[in-house]
Amino acid sequence: MIVFVNPQVCRPENRRFPLSLMSVGAALPDGVSWEIVDGNRPSVDEFDDVVAHVEARRGTADPVRAVALTVMPGPQLVSAVPLSQRLKARYPDLPLVWGGFFPSLYPAPVLDADYVDWIVRGQGERTFVKLLDVLDGTRDPGTVAGLGFRTEDGERRIGPERPWEGPDELPPPPYHKIDVDDYIHPTFLGRRGAVYQASIGCPYGCKFCGVVSMWGRREKVETPERTVRHLEYLVREHGVDSVHFYDNNFFLKESHAVELAERMKPLGLKWWCESRVDAMLRFSDATWRALKESGLTMVFFGAESGSNDVLASMDKNLTTEQTLEVAARTREWGIVPEFSFCFGGPEDPEAEIDTTLDFIRELKGVNPDFELITYFYTPTPQRGDAYGDVDPLSGTPTVLEEWTRPEWVRWMTHEDPDVPWMTPELKEKVERFVLVLQSRFPSIHDRRTRGWGKALARMVAAGPWRRGRYDRTGLLQAVRRMARVPRPHPVEYGHLRPSAEAIR
Ligand code: B12
Ligand code: SF4
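What counts as what
For every chain, the first residue of the written sequence is number 1, and numbering continues from 1 along that sequence. To label them, take the chains in the order written and letter them from A, then take the ligands in the order written and number them from 1. With the structure being a predicted model, the display of local features is reserved for residues of pLDDT at least 70 and the display and counting of side-chain atom pairs for 80 or more, all residues being used for whole-chain, interface and lining totals. For side-chain calculations, the full set of non-hydrogen atoms in the structure is used, while hydrogens and water are omitted. Comment: elements are numbered from the N terminus, with helices defined as DSSP H or I runs of at least four residues and strands as E runs of at least two. We compute the radius of gyration from the C-alpha atoms alone; for a globule the expected value is 2.2 Å times N to the 0.38, where N is the number of residues. Contacts were defined at the residue level, with two residues in contact if any of their heavy atoms lie within 4.5 Å. His is not counted, nor are the chain ends, whereas Lys and Arg count as positive and Asp and Glu as negative. Taken as the charge centre is NZ of Lys, CZ of Arg, CG of Asp or CD of Glu, depending on the residue. All domain edges in this entry derive from an automatic or database-based domain assignment. Once two parts are joined, some of their accessible surface, as seen by a 1.4 Å probe, is lost; buried area is that loss totalled over both. Counted as salt bridges are all cases of a side-chain nitrogen of Lys or Arg within 4 Å of a carboxyl oxygen of Asp or Glu. Each residue's exposure class comes from its accessible area (1.4 Å probe, protein chains only) as a fraction of the maximum for that residue type: buried when under 20%, exposed when over 50%, partly exposed otherwise. A molecule or strand has a residue near it when one of that residue's heavy atoms lies within 4 Å. When residues are sorted by character, Ala, Val, Leu, Ile, Met, Phe, Trp, Tyr, Cys and Pro go into the nonpolar class, Asp, Glu, Lys and Arg into the charged class, and all the rest, Gly among them, into the polar class. Under this definition, polar contacts are N or O atom pairs within 3.5 Å; protein pairs additionally need one hydrogen-donor-capable and one acceptor-capable atom, and for neighbouring residues in sequence, both atoms have to be side-chain atoms. To define a nonpolar core, start from buried Ala, Val, Leu, Ile, Met, Phe, Trp, Tyr and Cys residues and group those joined through side-chain atoms within 4.5 Å.

Engineer: In this structure, what is going on with the overall build of the chain? I would like to understand it.
Structural biologist: A count of helical and extended segments in the chain gives 19 helices and 16 strands. The globule rule puts the C-alpha radius of gyration for 504 residues at 23 Å, and the 23 Å found for the chain is close to it. Projecting the C-alpha coordinates of the chain onto the three principal axes gives extents of approximately 70 × 50 × 45 Å. Intrachain contacts of the chain at a sequence separation of at least 6 include 73% that bridge at least 24 residues. Placing the 63 positive and 74 negative side-chain charges of the chain at their respective mean positions leaves the two points 6 Å apart.

Engineer: Quick question: what am I supposed to make of the domain arrangement of the chain here?
Structural biologist: You'll often see interface size given as the accessible area lost when the parts meet. If you check the domain split of the chain, you get domain 1 (2–158) and domain 2 (184–382). Taking only C-alpha atoms, the centre of domain 1 and the centre of domain 2 are 31 Å apart. On the domain 2 side, the residues contacting the 13 residues of domain 1 number 17 residues. Of all residues in domain 1, the largest losses of buried area upon contact with domain 2 belong to Arg 16, Phe 17 and Leu 105, amounting jointly to 48% of the total for that side. Remark: the boundary between domain 1 and domain 2 carries zero salt bridges. A per-element tally of the side of domain 1 that touches domain 2 places helix 4 (residues 101–105) first, with three residues.

Engineer: I keep staring at the environment of Leu 372 and nothing clicks. Help me out?
Structural biologist: Topologically, Leu 372 is positioned in strand 16 (residues 371–376). For Leu 372, a relative accessible area of 7% translates into the label buried. Linking Leu 372 and Val 299, residues 73 residues apart in sequence, is a C-alpha distance of 12 Å. Excluding anything up to four places from it in sequence, Leu 372 contacts Phe 339, Phe 341, Ile 360, Phe 433, Val 434, Leu 437 and Gln 438.

Engineer: I tried to follow the site of ligand 2 on my own but got confused; where do I start?
Structural biologist: In the vicinity of ligand 2, the contacting residues are Cys 202, Tyr 204, Cys 206, Phe 208, Cys 209, Val 212, Asn 248, Arg 276 and Lys 316. Its residues placed into classes, the shell around ligand 2 shows six nonpolar, one polar and two charged.

Engineer: Explain the environment of Asp 38 here, please?
Structural biologist: When you line up the elements, Asp 38 lands in strand 2 (residues 34–38). For the pair Asp 38 and Leu 363, spaced 325 residues apart in sequence, the C-alpha separation works out to 40 Å. With residues up to four places along the chain from it excluded, the contact list for Asp 38 reads Asn 6, Arg 16, Pro 18, Val 44 and Tyr 183. A polar contact is formed between the side chain of Asp 38 and the side chain of Tyr 183, at a distance of 2.7 Å.

Engineer: Would you take a moment to explain the site of ligand 1 for this structure?
Structural biologist: Close to ligand 1 lie 39 residues; Ser 20, Thr 70, Met 72, Glu 125 and Tyr 246 are nearest. Here an oxygen atom of ligand 1 sits 2.7 Å away from a polar atom, N or O, in the side chain of Glu 125. Gln 197 has a polar side-chain atom sitting 2.9 Å from a nitrogen atom of ligand 1. Contributions of two or more residues to the shell around ligand 1 are made by helix 1 (19–26), strand 3 (66–70), helix 4, helix 6 (125–136) and helix 7 (210–215). At five residues, the largest contribution of residues to the shell around ligand 1 is made by helix 1. Here the residues of the shell around ligand 1 are counted per class, giving 20 nonpolar, 15 polar and four charged.

Engineer: Would you mind going over the nonpolar core with me for this structure?
Structural biologist: When a protein is soluble and globular, its nonpolar side chains tend to lie buried together. In this structure, Phe 17, Trp 98 and Phe 251 are the most contacted members of the largest nonpolar core, which totals 130 residues. Tallying contributions element by element places helix 16 (residues 424–440) first for this core, with seven residues. By size, the runner-up hydrophobic cluster in this structure holds eight residues, among which are Trp 164, Leu 170, Tyr 204 and Trp 215.

Engineer: Would you mind going over the side chain of Gln 123 with me for this structure?
Structural biologist: Along the chain, Gln 123 falls in the loop between strand 5 (118–120) and helix 6. For Gln 123, a relative accessible area of 8% puts it in the buried group. In terms of polar contacts, Gln 123 uses its side chain to reach the backbone amide nitrogen of Glu 165, at 2.7 Å. When near neighbours in sequence (up to four residues on either side) are disregarded, Gln 123 contacts Trp 164, Glu 165, Leu 170, Ile 200 and Trp 215.

Engineer: What is the right way to read the pattern of salt bridges from this model?
Structural biologist: Pairs may arise between side chains of opposite charge once their charged atoms sit close together. Summed over all chains, the structure comprises 29 salt bridges. Of the charged contacts, one joins Asp 62 and Arg 57 as a salt bridge, the two residues approaching to 3.1 Å between their closest N and O atoms. For Asp 62, a relative accessible area of 23% translates into the label partly exposed. Two residues, Arg 480 and Asp 446, come together in a salt bridge whose shortest N-O distance is 3.8 Å. Of this pair, Arg 480 sits in helix 18 (residues 474–482) while Asp 446 sits in the loop between helix 16 and helix 17 (451–467), and the two are 34 residues apart along the sequence. Comparing Arg 480 with Asp 446, the two get one shared label, buried.

This is the structure in C-alpha cells:
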C-alpha cells in the first residue's frame, strides 16, 4: 500500500478535492492499493493517521511501502517538514517521497534534508510508478526521468525532466477514493461548490510565474466532452451547483471555449476560471454570450501592473489598455472580473505602486464590480536565463527547515515578503488603499464581515475614496474589526498575513 498525504495547507472550511494526490493515485497499476490522508479535514491528524495505516498493515501481505506527500510552497511546507521529520524518526526504513511545486522548484534543499528520500519533479503520475520499481529493486533510480534522490555518497542526483502528458492521456479523477461530499462547500457561486482542473500548463512566459518553471511554456487541454462527463457526474451524484476551475490558463482556443460552454450549459452550473486578458478580448460576441449562458460568473485575470513598462519587463505580453477594455467587456456581459495585481518590482517600487494604485482607481471607474486581488512581487525560480545574470534566489535558504520560518513563508506566499526594495511604508500604503477600496466596494468573497459592518464601512470609506486619500484608516479598521464573524474553525496556519490582519 501507498499512503499519500496532503499536509495541511488551508483552514478546514477551505478544503477542496486533493487533486494532486488523486491524480497520482489514479495512475497506479492495478493491484497497488493506496489511500489519501488529508490534513485539511477537520478530524484528521496527519501523523496519527499515517501511523495507523502503517501499523494496521504491518505483517500483512500488503504493508505500507512508501509515504508520499504533496508539498506546495507556503503553509503546506510548514506542515510537511515537521511531519516528515516525525515520520522518518518513527519509521527510518519507510521511503518518504515529496512531490508537487515545492520540491519541483526548490529541489536542492529538499534533497539535502535527510528525512526526505525521493522527490518527484513535475508531473507525478508516470514517475511515481517507475519509483515503485526502484523501491522494489528492479529499476536503477538514475534511469528515471523526473526523479530526484541522494546517492549513497550523499550527492544530489536529479534526473532529466520527464516529458509530460495532457489530461486526456491520464486516468479520470478517482472520486471513489475520497469522501466527495466532505469537500463540497458553499462559496459565492453556490451552495455546493466543487473544483476541477481541465488543462495543464500555460503557453505564456511571465517572468514571475512558477507555472512556467514547472511545465515549460506549454499547455494541454482536456477535450470538452471529457471535462463535462466528469462534471456531470459531480452534478448528478453529489448535487454540485458550482465549480472553480483550477486551470492556470483556462481559455486557449476560442473553439474550445465555445464547445465547452455549449456542453456545460445543460448542467446549470455557475463557474469561475482564470484567463488571460488578451485571450478573452479575442472572443466574438457570440462566444461571450455562450460563456455567459453556460454559467460563467467570474473570471480571474492577472492584470499585474498599471504600468506598461513594468508589464513589458515581466514579459506579460499585455497592456493596461487591454485590461481596461476587458473590464468594460465583462461589465457589458455581466461577468465579474477579478483583477490580480503584483506590487513592487525591484526597479522603482514607489513609482510603480503609485502608478498601479492610480490605475486601479481608473479601472473601478470602468467596472465598479471588479474584485481586487493583491500580491507583492517575489522572485520565483525560473527556467533558463529569464533573469539574465541575476540569480533571483540568491540569499534564499539552502536549508529546508529555514524555508518554514515566518519570513520565508511570507516570501513564498507573495503576501508580505521581506525583500530589500519593499519598505514597510510602501506595503502599508498598498494595504491602506486596499482597505479603503474594499470598504467602499465590499467584496463578494467577504463572508466574514457582518452586513451592518459592510454598510457602515462603505459609508465611512466614501469620502476617502472620493478624495483619493487613504492615509487615515483608523475608523475603518475599527468598524471591520467589530463587524467580524468568528471563523467556524479556530485552526490557523499560524503566522501568515500578520500585517494584513493587523491593518484590518
Ligand atoms: C488548489 C491550489 C491551492 C489550494 C490548495 C488546496 C488543496 N487542499 O489542495 C490553496 C488555495 C490552499 C492554495 C494556496 C496557495 N497556493 Co496554490 N494552487 C492551487 C492550484 C489552483 C491547483 C493545484 C492542483 O490541485 N492542481 C491539480 C493537480 C492535478 O496538479 P498538481 O497539483 O500540479 O499535481 C501534479 C504535480 O504537481 C505532481 N504532484 C503534486 N503533488 C505530488 C505528490 C506526489 C507524491 C507526487 C509523486 C507528485 C505530485 O503530480 C501531480 C499530477 O500530475 C494551483 C494552480 C494549478 N492549476 O496548478 C495553485 C498553485 C500551485 N499555488 C501556488 C501558490 C504560490 C500558492 C500559495 C503559496 C500562494 C498564493 N498566494 O496563492 C498559497 C498558499 C496559501 C495561502 N496563502 O493561502 C502556485 C505555485 C507556484 C509557485 N510559485 O510555487 C500555483 C501554481 C498558482 C500559480 N499560478 O501561481 N493553492
Ligand atoms: S499567463 Fe498566468 S499562468 Fe501563464 S505564465 Fe503568465 S502568469 Fe503564469
